[in-house]
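Here is how the chains run, residue by residue.
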Amino acid sequence: MGCFECCIKCLGGVPYASLVATILCFSGVALFCGCGHVALTGTVTILETHFSKVTSDHAMLTDVVQLMQYVIYGVASFFFLYGIILLAEGFYTTSAVKELHSEFKTTICGRCISGMFVFLTYILGVAWLGVFGFSAVPVFLFYNMWSTCAAMRSPMANLTDIDSICVDVRQYGIIPWNATPGKACGTTLGDICNTSEFYLSYHLYIVACAGAGATVIALLIYMMATTYNFAVLKFKSREDCCTKF
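Residues numbered from 1 in each chain as written. Predicted model: local features only at pLDDT ≥ 70, side-chain atom pairs only at ≥ 80, totals over all residues. Heavy atoms only, no water.

With an unreviewed UniProt entry as reference, the chain is termed Putative neuronal membrane glycoprotein M6-b isoform 2, source organism Scophthalmus maximus. Under the UniProt heading Sequence similarities (unreviewed entry), the note attached to the chain is "Belongs to the myelin proteolipid protein family." Its UniProt record gives the chain the following Subcellular location (unreviewed entry) comment, quoted word for word: "Membrane". (UniProt positions renumbered as here; feature names shortened; annotations may be inferred.)

Now the structure itself:
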């Protein structure tokens, strides 16, 4: 066998679907965790500076944000390891399916592990659909503030009193109703929208939401690849039993 044929044979054993899913998963989780961590910090700064001057009013929110940041660390570590494991499992099942090695035999344990990854990846995919939906909530809230500020700067705003245009974050349940001041109006709201914290947090939430969406797509690719390989391995095991003498 020549060098070219050997390279073609080796390339045939690469699980390209799992490889693409791993790259997409790493990128999506990195964007979601990194951008989400910084955006949460910026959100707390905005609330403490402009909407809730009393520490006790947003103490629970601060604790929740810190807890979410610790969860982000765990999610990033888990998916880094899980992505590597799925990629290794992809190499294992692809080698078995394509029979690159004549002495390669699948075992019941190997098929059970592949089935476990199919089930676990399905559960994670459903969970990340929820994460994707949840990550869109802060994007919606920041977009409302940004659109209100843009409306104040439009020519139509001259027809009304600018100070009557307000954004009350208490209605979203972020801070309690007795928080002071709880809302921002007129030029104060415009100044908030022009701060670096607001601009950075808004765009970071958008990127984090996109990262969550990329992770969902990666898990879908993982599900398709692992399900196909598991089905073929199960079929091959039945074929071996039927042809064995």
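After that view of the structure, there is still more to cover.
Side note on the state of the cysteines
This model, assessed by the stated rule, comprises two disulfides. Disulfide pairing is shown between Cys149 and Cys193; the S-S distance is 1.9 Å. Since a negative S-S torsion denotes a left-handed disulfide, the Cys149-Cys193 link at about 60° is right-handed. In this pair, Cys149 is assigned in helix H4 (residues 108–153) and Cys193 in helix H5 (residues 186–193), connecting sequence segments 44 residues apart. Accessibility expressed as a relative area gives 1% for Cys149, which makes it buried. According to the relative accessible area criterion, Cys193 is buried, its value standing at 9%. Left unpaired, Cys33 is separated from the closest cysteine sulfur, that of Cys35, by 9.8 Å. The class for Cys33 is buried, based on a relative accessible area of 6%. (Disulfide = S-S within 2.5 Å. Helix = DSSP H or I, 4+ residues; strand = E, 2+ residues; numbered from the N terminus. Buried < 20%, exposed > 50% of the residue type's maximum accessible area, 1.4 Å probe, protein only.)

Quick look at the nonpolar core
The nonpolar side chains of a soluble globular protein tend to be buried with one another. Of all hydrophobic cores here, the largest spans 45 residues; its most connected members are Phe51, Phe79, Trp128, Met145 and Leu189. Looking at this core, the elements with two or more residues in it are helix H2 (16–51), helix H3 (59–98), H4, H5 and helix H6 (196–243). Ranked by the residues each element gives to this core, the list is headed by H2, at twelve residues. Discounting chain neighbours no more than four positions away, the residues touching Leu189 are Met145, Thr148, Cys149, Met152, Ile165, Cys166, Val167 and Ala184. (Core = buried A, V, L, I, M, F, W, Y, C linked by side-chain atoms within 4.5 Å. Contact = heavy atoms within 4.5 Å.)

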